[in-house]
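Residue-level listing of the chains:
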Amino acid sequence: MRAMRAETFSGYEGLKLIELPKPAVTKGKVMVRITAAGVTPLDHTILSGKFHGSKAPLVLGNEGAGVVEEGGGTDFPVGSRVMFFGTYGAFEDGTDSEWVAVRKEDLCLIPDNVDDVSAAGIPVAYLTAQVALTLAGFRAGKTVLAPAIGGSIGNAVTQLARALGAKHAMSSTTNHAKAEQAKALGFNEVIDTSLEKLADGVRRITSGYGADIVIDGIGGEVLSEALGAIALEGRVTTLGYSASRRTTIDVTNLIVPQASIRGLNMFAQPQAAITDAWNVIVPLLKSGAIKPIVAKTFPLVEAAAALHYLVEGRPFGRVVLTI
Ligand SMILES: NC(=O)c1ccc[n+]([C@@H]2O[C@H](COP(=O)([O-])OP(=O)(O)OC[C@H]3O[C@@H](n4cnc5c(N)ncnc54)[C@H](OP(=O)(O)O)[C@@H]3O)[C@@H](O)[C@H]2O)c1
């Protein structure tokens with residue numbers, strides 16, 4: 001089968017299109033013919049040699065969509081369309097290939113109203129977003145901030161929080177054109193940080209109240225700024241570092257509102273947390289209350305260009321490989 005493999009973790013040049021044997025279906029695994037694979041910043045972190053635990057050579061791709069060919073039983077009959085995330089593309093070969101033998105518990109049926117390309121970009125973003133919201137004690141009426149409306153996490157948290165009844169589901173962008181794009185797509189609580197400081201925007205939108213929940217995948221100055229907008233007893237989750245792994249914080253931003261801050265690692269989640277998250281996400285997909293956004297697709301052979309486009313181009317929406 002064709003696969004895009006990182007032969008070395010030395011940047012984009014490390015990616016090579018190669019032929020590999022089709023994987024074997026062992027007990028508890030389901031053979032999935034991959035139709036589309038989500039491109040994520042994790043691919044870039046691994047390819048740059050900055051991710052703990054990954055070993056080259058490695059087929060990248062942490063999430064994907066495809067069709068069941070064998071081993072799915074009655075839950076996932078032959079021919080059913082599925083999407084999944086797991087340790088693929090990080091600790092074992094991933095979805096940038098024609099077939100993956102997927103652990104049955106990682107699979108989720110794709111609703112009929114969602115196409116494979118959109119589905120391929122759902123698992124990582126929406127599972128992370130929902131798990132983060134649950135751990136932060138989200139319920140209807142809360143005010144939520146998730147920076148970077150065009151990014152996968154920022155967008156998924158904003159869509160989920162809005163669909164689940166947040167009083168305010170706020171996000172941001174550093175790019176004025178993206179702020180306009182967000183407005184046109186109906187995201188009305190996006191702070192354009194080329195015009196206004198993030199914390200000022202949150203205070204303006206919430207009439208001074210602040211954010212009960214901050215879910216941040218950006219790090220650096222964005223996280224530092226976001227801490228200035230926390231409501232009393234607010235909860236901050238840091239889970240990514242698209243801008244930087246390092247940040248400087250004003251400790252009084254935590255002390256005064258008695259706020260708390262925690263990290264989130266999706267590779268450390270119990271199966272029940274993932275199952276519970278799918279149980280929230282799937283009905284919202286079916287009803288159209290949340291709608292995944294795809295910015296651009298690339299063929300498998302252009303995996304390096306796709307990743308470059310995601311990281312350097314900072315598009316609005318997901319980048320997906322068609323297999
Ligand atoms: N802990 C976990 O288990 C877990 C799970 C999923 C993802 N993650 C991590 O979470 C992070 C976000 O993932 P994602 O998929 O949402 O990323 P993404 O889709 O690539 O979006 C990142 C966004 O960050 C903003 N950005 C990038 N560089 C910036 C900079 N220098 N300064 C300010 N803003 C910048 C950009 O928005 P604007 O151009 O609009 O400003 C960009 O669109 C990544 O580090 C990812 O690996 C972690």
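Scroll up for the structure.
Values in this document were obtained by computation on a predicted structure and should not be read as measured data. (Residues numbered from 1 in each chain as written. Predicted model: local features only at pLDDT ≥ 70, side-chain atom pairs only at ≥ 80, totals over all residues. Heavy atoms only, no water.)

Student: So what's going on with helix α4 (residues 152-163)? Residues and values would help.
Tutor: With 12 residues, α4 should reach 16 Å at 1.5 Å per residue; the first-to-last C-alpha distance of 16 Å fits that figure. Burial analysis of α4 places nine of its 12 residues in the buried class, which makes it a mostly covered element. Among all positions of α4, only I153, G154, N155, A156, V157, T158, Q159, L160 and A161 are buried. For α4, the elements touching its buried residues are α3 (123-135), β9 (143-145), β10 (168-173), β12 (211-216) and α9 (271-287). The positive-phi residue at the C-terminal boundary of α4 is G165, with phi of around 95°. (Helix = DSSP H or I, 4+ residues; strand = E, 2+ residues; numbered from the N terminus. Expected span 1.5 Å × (residues − 1). Buried < 20%, exposed > 50% of the residue type's maximum accessible area, 1.4 Å probe, protein only. Contact = heavy atoms within 4.5 Å.)

Student: Tell me about the sheet that holds strand β2 (residues 15-19), and please be specific about residues and values.
Tutor: Read across the open sheet, the three strands follow the order β2-β1-β4; overall the sheet is antiparallel. Each of the sheet's edge strands pairs with one partner strand only, and the pair in question is β2 and β4 (58-59). Pairing of strand β1 (residues 2-6) with β2, which is carried by five bridges, proceeds in the antiparallel orientation. Residue pairing across strands places R5 opposite K16, the latter belonging to β2. (Pairing = 2+ DSSP bridges.)

Student: Got a sec to walk through the pattern of salt bridges? Specific residues and values, please.
Tutor: Taken as a whole and assessed by the stated rule, the structure comprises 12 salt bridges. With a shortest N-O distance of 2.9 Å, E63 and R318 are connected by a salt bridge. Of this pair, E63 sits in strand β5 (residues 63-70) while R318 is found in strand β16 (residues 318-322), placing the two residues 255 residues apart along the sequence. As far as burial versus exposure is concerned, E63 and R318 are alike and both buried. (Salt bridge = Lys/Arg side-chain N within 4 Å of Asp/Glu carboxyl O.)

Student: Pulling in residues and values, what's your account of the packing of aromatic side chains?
Tutor: A full pass over the atoms with the stated rule returns six aromatic pairs. Each ring, one from F51 and one from F91, has its centre 5.8 Å from the other, and the planes form 50°; the classification is tilted. Of this pair, F51 sits in the loop between α1 (41-47) and β4 while F91 sits in the loop between β6 (81-85) and β7 (99-103); the two residues are 40 residues apart in sequence, bridging distant segments of the chain. Owing to a relative accessible area of 39%, F91 belongs among the partly exposed residues under this scheme. Geometrically, the ring pair formed by F91 and F267 is edge-to-face, given 5.2 Å between the ring centres and 80° between the ring planes. Of this pair, F91 sits in the loop between β6 and β7 while F267 sits in the loop between β14 (260-263) and α9, and the two are 176 residues apart along the sequence. Of the residues examined, F267 reaches a relative accessible area of 27% and is grouped as partly exposed. Of the aromatic side chains, those joined through ring pairs into one cluster are F51, F85, F91 and F267. (Phe/Tyr/Trp six-rings, centres within 6.5 Å; stacked < 30°, edge-to-face > 60°.)

Student: Please give an account of the site of the ligand that cites residues and values.
Tutor: Contacts to the ligand come from 23 residues, most closely from S152, T173, T174, L264 and M266. With respect to the ligand, the side chain of K178 contributes an N or O atom lying 2.8 Å from an oxygen atom. Measuring from an oxygen atom of the ligand, one finds a backbone N or O atom of Y241 at 3.0 Å. Considering the ligand on its own, with 930 Å² of exposed area, one finds that the protein chains cover 84% of that surface. Of all the secondary-structure elements, those providing two or more residues to the shell around the ligand are α3 and α4. Partitioned by chemical class, the residues of the shell around the ligand number 12 nonpolar, nine polar and two charged. (Near = heavy atom within 4 Å. Polar contact = N/O pair within 3.5 Å; in protein donor to acceptor, adjacent residues only side chain to side chain. Areas by Shrake-Rupley, 256 points an atom, 1.4 Å probe, with all protein chains shown as cover. Nonpolar A, V, L, I, M, F, W, Y, C, P; charged D, E, K, R; others polar.)

These figures come from the coordinates and say nothing about function on their own.
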